[in-house]
Amino acid sequence: MNTAFSTTPLLLFTAIATGAAIGGAIRFLLAEAAARRFGSKLPGTLAANMIACFIAGVAFAVWPQGTSASGGAIGYAAVMVGLAGGTSTWSTLAGEVGQRLSQHFWRAFAYLVLTLIGGAACAFAGVNLPPILGF
C-alpha cells in the first residue's frame, strides 16, 4: 500500500482548511477595519476580493499544473482553493449590491463593475508578478 497516496486526501483537506481559515480571518479583519474607518464594510469587501484575485493569480503562475498529483498539489490547494477562496467573498458582494440596487442603482452597478474589472486586473498582476521576480 502506498502510504503517501493514502494520506493525500487528508493532506489536501488540511491544506485547504488551513488556507480557508486564514483567508476568512483576513476577510473579517478587512471588513471590520473598513467599517470602523469608513462606516461601511464595502471597502473591506472590495479589498478582500482584490487580494483574493491577486492570490489566485500568483497561485496560477507558481503552480500552473496545480491539480497534478505531485507535491505541488498541496501548495496549490492551500493557496488557490483555501486562501484565495476563503479571502474572496462573492456572496457578500452580491448581498451588498442587492441591498443598494433600489436606492442607488448606479452606485451599486459601478461597485460591481469596479469589483469585476479590479479583480481581473489583480489576477493579471498576480499571474505576471512571479515571473518578473524569477519564480
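All values reported here derive from a predicted model rather than from experimental measurement.

### Describing the confidence of the model for the chain
Phase 1: When pLDDT is averaged along the chain, the result is 89; 90% of the residues meet or exceed 70.
Phase 2: Here helix α1 (residues 3-38) stands out as the least confident element of the chain, with mean pLDDT 88; helix α2 (residues 42-62) is the most confident, with 95.
Phase 3: Taken together, the stretch residues 1-7 has pLDDT below 50 and engages in one contact with residues farther than four places along the chain or on a different chain.

### Regarding helix α5 (residues 105-133)
Phase 1: In this model α5 runs 41 Å from its N-terminal to its C-terminal C-alpha over 29 residues, within 8% of the 42 Å that 1.5 Å per residue would give.
Phase 2: All of the buried residues in α5 are Ala108, Tyr111, Thr115, Gly118, Gly119, Gly126 and Pro130.
Phase 3: Buried residues in α5 make contact with α2 and α4 (90-101).

### Focus: a nonpolar patch on the surface
Phase 1: A surface patch of nonpolar side chains, amounting to about 620 Å² of accessible area, comprises Phe54, Val62, Leu129, Ile132, Leu133 and Phe135.
Phase 2: Elements represented by at least two residues in the nonpolar patch include exactly α2 and α5.
Phase 3: A total of three residues in the nonpolar patch trace back to one element, the largest contributor, which is α5.
Phase 4: Examined against the element boundaries, Phe54 turns out to sit in helix α2.
Phase 5: Given the relative accessible area of 31%, Phe54 is considered partly exposed.

### As for the packing of aromatic side chains
Phase 1: Here the structure, examined in full by the defined rule, presents three aromatic pairs.
Phase 2: Aromatic side chains Phe105 and Trp106 sit 4.9 Å apart centroid to centroid with 85° between the ring planes, which places their arrangement in the edge-to-face category.
Phase 3: Residue classification places Phe105 among the partly exposed positions, given a relative accessible area of 41%.
Phase 4: Between Trp106 and Phe109, the aromatic rings sit 5.8 Å apart at their centres with planes inclined by 85°, giving edge-to-face as the arrangement. Residue Trp106 and its partner Phe109 are located together in helix α5, separated by three residues, close to a single helical turn.
Phase 5: Residue classification places Phe109 among the partly exposed residues on the basis of a relative accessible area of 40%.
Phase 6: Feature note: the residues Phe105, Trp106 and Phe109 constitute an aromatic cluster, connected by ring pairs.

### Structural notes on the packing of α4 against α5
Two quantities define a packed helix pair, namely the angle between the axes and the distance from one axis to the other.
Phase 1: As a packed pair, α4 and α5 sit with axes 7 Å apart at the nearest point and diverge in direction by 160°. What the angle tells us is that α4 and α5 run roughly antiparallel. Viewed along their axes, α4 and α5 form a crossing whose handedness is left-handed. When α4 is examined against α5, the residues Trp90, Leu93, Glu96, Val97, Arg100 and Leu101 are found in contact with a partner set consisting of Phe105, Ala108, Tyr111, Leu112, Thr115 and Leu116.
Phase 2: Its residues placed into classes, the contact of α4 with α5 shows nine nonpolar, one polar and two charged.

### As for the packing of α2 against helix α3 (residues 72-87)
Phase 1: Put simply, α2 and α3 touch, their axes get as near as 8 Å, and they point 165° apart. Regarding the angle of α2 to α3, the classification is roughly antiparallel. Seen from above, α2 lies across α3 with left-handed handedness. Contacts between α2 and α3 involve Ala48, Ile51, Ala52, Ile55, Ala56, Ala59 and Phe60 on the former and, on the latter, Tyr76, Val79, Met80, Leu83, Ala84 and Thr87.

Scoring rules and cut-offs
- Residues numbered from 1 in each chain as written.
- Predicted model: local features only at pLDDT ≥ 70, side-chain atom pairs only at ≥ 80, totals over all residues.
- Heavy atoms only, no water.
- pLDDT = per-residue confidence, 0-100.
- Helix = DSSP H or I, 4+ residues; strand = E, 2+ residues; numbered from the N terminus.
- Contact = heavy atoms within 4.5 Å.
- Expected span 1.5 Å × (residues − 1).
- Buried < 20%, exposed > 50% of the residue type's maximum accessible area, 1.4 Å probe, protein only.
- Patch = residues over 30% accessible without salt bridge, like charges linked within 9 Å, V, L, I, M, F, W, Y side chains within 5 Å.
- Areas by Shrake-Rupley, 256 points an atom, 1.4 Å probe, with all protein chains shown as cover.
- Salt bridge = Lys/Arg side-chain N within 4 Å of Asp/Glu carboxyl O.
- Phe/Tyr/Trp six-rings, centres within 6.5 Å; stacked < 30°, edge-to-face > 60°.
- Axes fitted to C-alpha atoms, helices over the stretch in contact; angles between N-to-C directions.
- Parallel < 35°, antiparallel > 145°, perpendicular 65-115°, else oblique.
- Left-handed = near helix turned anticlockwise from the far one by under 90°.
- Nonpolar A, V, L, I, M, F, W, Y, C, P; charged D, E, K, R; others polar.

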